[in-house]
Amino acid sequence: MPRVEGKVALVTGAARGQGRSHAVKLAEEGADVILVDVPNDIVDIGYPTGTAEELAQTAKEVESHDRRAIVVQTDVRDLPTLTAAVDNAVAELGRLDIVSANAGIASVPYLSQDIPEATWRQMIDINLTGVWHTAKVSIPHILAGGRGGSIVLTSSAAGLKGYAHISHYSAAKHGVVGLMRSLALELAPERVRVNSLHPTQVDTPMIQNEGTYRIFNPGIDNPTREDFEVASTTTNALPIPWVEPVDVSNALLFLVSDEARYITGAAIPVDAGTTIK
């Protein structure tokens, strides 16, 4: 039997990358999915963000598994709009059981003292406050169902260790872990489990861009994907440069399924061993 049959999931950052992979995996396993993406005014990250067309494609892929998909073109920084949109989507689908707070951005590299204030604020607003917003608007619906539920916050290996030149990213991702642990304690009496995922580099547009190549190859003027592959491999214990989105989705599926019914407050690496190096 599919592992999340009949449940409803919310996935942020669903237009592509890990978010699309999570949404499709959950649909394959029986869930209807609320798809949130298409933020506005994202700057200084070194790559283009997801588009409305990509979000619509995710919806088509969910629907190809005979599951319902509701598209929400909302920025996770915009709490009033996100609240109204999620309220409407849950009313249409009838329940909410699973939340994947996945939306996030990367950045071009900076030494900590050189990060522009607007770049710092944007990072925290999306990668930490946006995760809290997602939890804030979702928790009342999960509790209203009285069936328990599962919330998974996407952090990073950078939420468990420091990385040079992206202290704003690492700070936000460390903050996600603190949020996760507090939510896990608060929601445990209601049988709502909260965990975080910590991927190493994942083969998506978020890392396959010049900014990331420069972070991992600071001594090369114009690093290429091939340069990044070599450098990235050295950061992992397993001899691979990166994981695939489905590797993270498989971990998420486990965490939201009954197979993980007694796992809460856990920071789960999907990191090829990078956090033990």
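Up top is the structure.
Here we summarise the structure given alongside this text. (Residues numbered from 1 in each chain as written. Predicted model: local features only at pLDDT ≥ 70, side-chain atom pairs only at ≥ 80, totals over all residues. Heavy atoms only, no water.)

Comments concerning the packing of aromatic side chains
The cut-off we apply is this: Planes of paired rings set the category: under 30 degrees apart is stacked, over 60 is edge-to-face and the rest tilted, where pairs are Phe, Tyr or Trp rings (Trp by its six-membered ring) whose centres lie within 6.5 Å. Labels follow the DSSP assignment, with helices taken as runs of H or I lasting at least four residues and strands as runs of E lasting at least two, numbered in each case from the N terminus. Under the scheme applied here, a residue whose accessible area is under 20% of the maximum for its type counts as buried, over 50% as exposed, and between as partly exposed, the area being computed with a 1.4 Å probe on protein chains only.
In this structure the tally under the stated criterion is three aromatic pairs. Ring geometry for Phe216 and Phe228: centres 5.1 Å apart, planes at 65°, overall edge-to-face. Here Phe216 is found in helix α6 (residues 210-216), whereas its partner Phe228 is found in helix α7 (residues 225-235), with twelve residues between them in sequence. Side by side, Phe216 and Phe228 carry an identical accessibility label, which is buried. Joined through ring pairs, the aromatic side chains of Tyr213, Phe216, Phe228 and Trp242 make up one cluster.

A short note on empty space enclosed by the protein
Operational definition: Points on a 1 Å grid, built from protein atoms alone, make a cavity when a 1.4 Å probe fits but cannot get out and make a pocket when they are open with protein on both sides within 12 Å along at least 5 of 7 lines; residues with an atom within 4 Å of a point are the lining residues. Grid points are joined across faces, edges and corners, and a volume is the space filled by probe spheres set on the points. Each residue is assigned to one of three groups, with Ala, Val, Leu, Ile, Met, Phe, Trp, Tyr, Cys and Pro labelled nonpolar, Asp, Glu, Lys and Arg labelled charged, and all others, Gly among them, labelled polar. In this entry, domain limits derive from an automatic or database-based domain assignment.
In total, this model carries one cavity of 30 Å³ or more according to the counting rule given. Estimated volume of the largest cavity: approximately 780 Å³. Forming the walls of the largest cavity are 42 residues, and the residues nearest its centre are Tyr47, Gly104, Ile105, Ala106 and Met206. The set of elements that each furnish at least two residues to the lining of the largest cavity consists of α1 (17-28), β2 (32-37), α5 (167-187) and α6. Of the residues that constitute the lining of the largest cavity, the class distribution is 21 nonpolar, 17 polar and four charged. Split by domain, the lining of the largest cavity shows at least three residues from each of two domains, domain 1 (8-202 + 245-270) and domain 2 (208-241).

A word on unusual backbone geometry
Even without being a glycine, Asp44 presents a positive backbone phi close to 65°. Topologically, Asp44 is positioned in the loop between β2 and α2 (52-63). In this model, Arg191 sits at a positive phi of 60°, which is unusual for a non-glycine residue. As for its placement among the helices and strands, Arg191 is situated in the loop between α5 and β6 (192-199). The exposure class of Arg191 is exposed, given its relative accessible area of 54%.

Quick look at the packing of helix α3 (residues 79-93) against helix α4 (residues 117-145)
What counts is decided by this rule: To obtain each axis, a line is fitted to C-alpha atoms, and for helices this fit is confined to the stretch in contact; angles are then taken between N-to-C directions over 0 to 180 degrees. A crossing counts as left-handed when the near helix is turned anticlockwise from the far one by less than a right angle, and as right-handed when that turn is clockwise. When checking whether two residues touch, look at their non-hydrogen atoms; a contact exists if any pair is within 4.5 Å.
Where α3 meets α4, the axes come as close as 10 Å, and the angle between the chain directions of the two elements is 35°. Regarding α3 and α4, the two cross each other, and that crossing is right-handed. Packed against α3, whose contacting residues are Leu79, Leu82, Thr83, Val86, Asp87 and Val90, the element α4 presents His133, Thr134, Lys136, Val137 and His141 at the interface. Counted by class, the contact of α3 with α4 contains five nonpolar, four polar and two charged residues.

Looking at the layout of surface pockets
Here the largest pocket is characterised by a volume of approximately 230 Å³. Residue composition of the lining of the largest pocket, grouped by class: two nonpolar, three polar and eight charged.

Observations concerning α2
In plain terms, the rule: Expected helix span is computed as 1.5 Å times (number of residues minus one). The reported arc concerns the directions from the helix axis to the C-beta atoms and nothing else.
Taking 1.5 Å as the rise per residue, α2 with twelve residues should run 16 Å; its terminal C-alpha atoms sit 17 Å apart, in good agreement. Those residues of α2 that fall on the buried side of the exposure criterion are Leu55, Thr58, Ala59 and Val62. With its buried residues spanning 100° around the axis, α2 presents them on a single face. Structural note: α2 exposes Glu53 and Lys60 on the side pointing more than 90 degrees away from its buried face.

Some words on the packing of α1 against helix α8 (residues 245-256)
Packed helices, taken two at a time, are described by the angle their axes make and the gap between the axes. How we decide: Roughly parallel means an angle under 35 degrees; roughly antiparallel means over 145; roughly perpendicular covers 65 to 115; every other angle is labelled oblique.
Two elements in contact, α1 and α8, have axes separated by 9 Å at closest approach and are oriented at 50°. Taken together, the axes of α1 and α8 lie oblique to each other. Helix-helix and strand crossings are classified by hand; for α1 and α8 the assignment is right-handed. Here α1 contributes Gly17, Gln18, Ser21, His22, Lys25 and Leu26 to the contact with α8, which in turn contributes Pro245, Val246, Val248, Ser249, Asn250, Leu252, Leu253 and Val256. The residue inventory of the contact of α1 with α8, partitioned by class, reads seven nonpolar, six polar and one charged.

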